[in-house]
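A structural walkthrough
The primary structure of each chain is shown beneath.
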Amino acid sequence: MKNIRLTLPIKIPYPVLRQLLETKLIGMEIGTGERKRGQILRLGLQVSPLPEYDIILGLRVGLMRKVLWTKEVPLYLHAALAFDAESGRLSVGAFKIDFGTKNVVLDKVLAFLANRMYYRKVLDKASVNLNEMIASKMALLNEKLQSGIPSSQGIVFNGNMENIMITGIEPGPEHIVVYANFKGKAEVTLQNLPDMDFI
């Protein structure tokens, strides 16, 4: 096996990232103690149309008390993603709160929900340490590489990864591209000739 060191772009579709955020945010309470305002019931994730932000985190908030005729309200957080290459932490920097009721009267009534401190806590909890996530899967990855990871074209990958570090991110319209630096040993075994229709 030969030493390798390469950086690969890995596409993470927003639905996959949403699933991760659901495990961290669903059920989280907005506000504390006597100032408890609501609870996150559902969430969505998509690219933001605003040029200064990367994503929209759509929250369906169940209110602790009924406001006018509703007990649930949609709330949107336009957010700019921030990545710290040294720690591997993906987080949210600047953000903007936007109510999605399309009702001016209700939006004014719901002003009590627009406390930026509440959502700073939500967004802080939504942060992810990508390097730690990868480190927790390294043993499983190396176990599979040692026995060989086959492809459908008759190619088998073997190796051992010493380190995988995330070096940067790039938000896109349908996914986030994560740049991963792989360091270790690897080899490829060709078990049979793959189809080469281009020859």
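The text that follows walks through the structure, step by step, so that each part is easy to find.

Quick look at empty space enclosed by the protein now. The gaps left among the atoms become clear once a water-sized probe is rolled over them. Per the counting criterion, the structure on display carries 1 cavity of 30 Å³ or more. Size it by volume and the largest cavity reaches roughly 120 Å³. Leu 21, Ile 55, Leu 81, Val 92 and Ala 126 are, among the 13 residues lining the largest cavity, the residues nearest its centre. At the level of elements, helix H1 (14-25), strand S4 (55-67) and strand S6 (89-99) are the ones that each hand at least two residues to the lining of the largest cavity. For the lining of the largest cavity, the element with the highest residue contribution is S6, accounting for 3 residues. Within the lining of the largest cavity, the residues separate by chemical class into 11 nonpolar, 2 polar and no charged.

With that settled, the discussion passes to the sheet that holds strand S10 (residues 175-190). The strand order S1-S10-S9-S8 describes an open sheet built from 4 strands, whose pairing is antiparallel. Strands at the two margins of the open sheet, each flanked by one partner only, are strand S1 (2-13) and strand S8 (149-150). Note that strand S9 (residues 155-171) and S10 share 15 bridges and pair antiparallel. Across the sheet, Met 165 pairs through a bridge with Asn 181, a residue of S10. Against the sheet, H1 contacts S1, S9 and S10, and its axis sits at roughly 85° relative to S1.

Once that is clear, we can look at the side chain of Asn 131. Its location among the elements puts Asn 131 in helix H4 (residues 130-135). Ignoring sequence-local partners within four residues, the contact set of Asn 131 consists of Ala 85, Ser 87, Gly 88, Ile 164, Met 165 and Ile 166.

So, how was this worked out
- Residues numbered from 1 in each chain as written.
- Predicted model: local features only at pLDDT ≥ 70, side-chain atom pairs only at ≥ 80, totals over all residues.
- Heavy atoms only, no water.
- 1 Å grid on protein atoms, 1.4 Å probe; cavity = no way out; pocket = protein on both sides within 12 Å on 5 of 7 lines; lining within 4 Å.
- Points joined across faces, edges and corners; volume = space filled by probe spheres on them.
- Helix = DSSP H or I, 4+ residues; strand = E, 2+ residues; numbered from the N terminus.
- Nonpolar A, V, L, I, M, F, W, Y, C, P; charged D, E, K, R; others polar.
- Pairing = 2+ DSSP bridges.
- Contact = heavy atoms within 4.5 Å.
- Axes fitted to C-alpha atoms, helices over the stretch in contact; angles between N-to-C directions.

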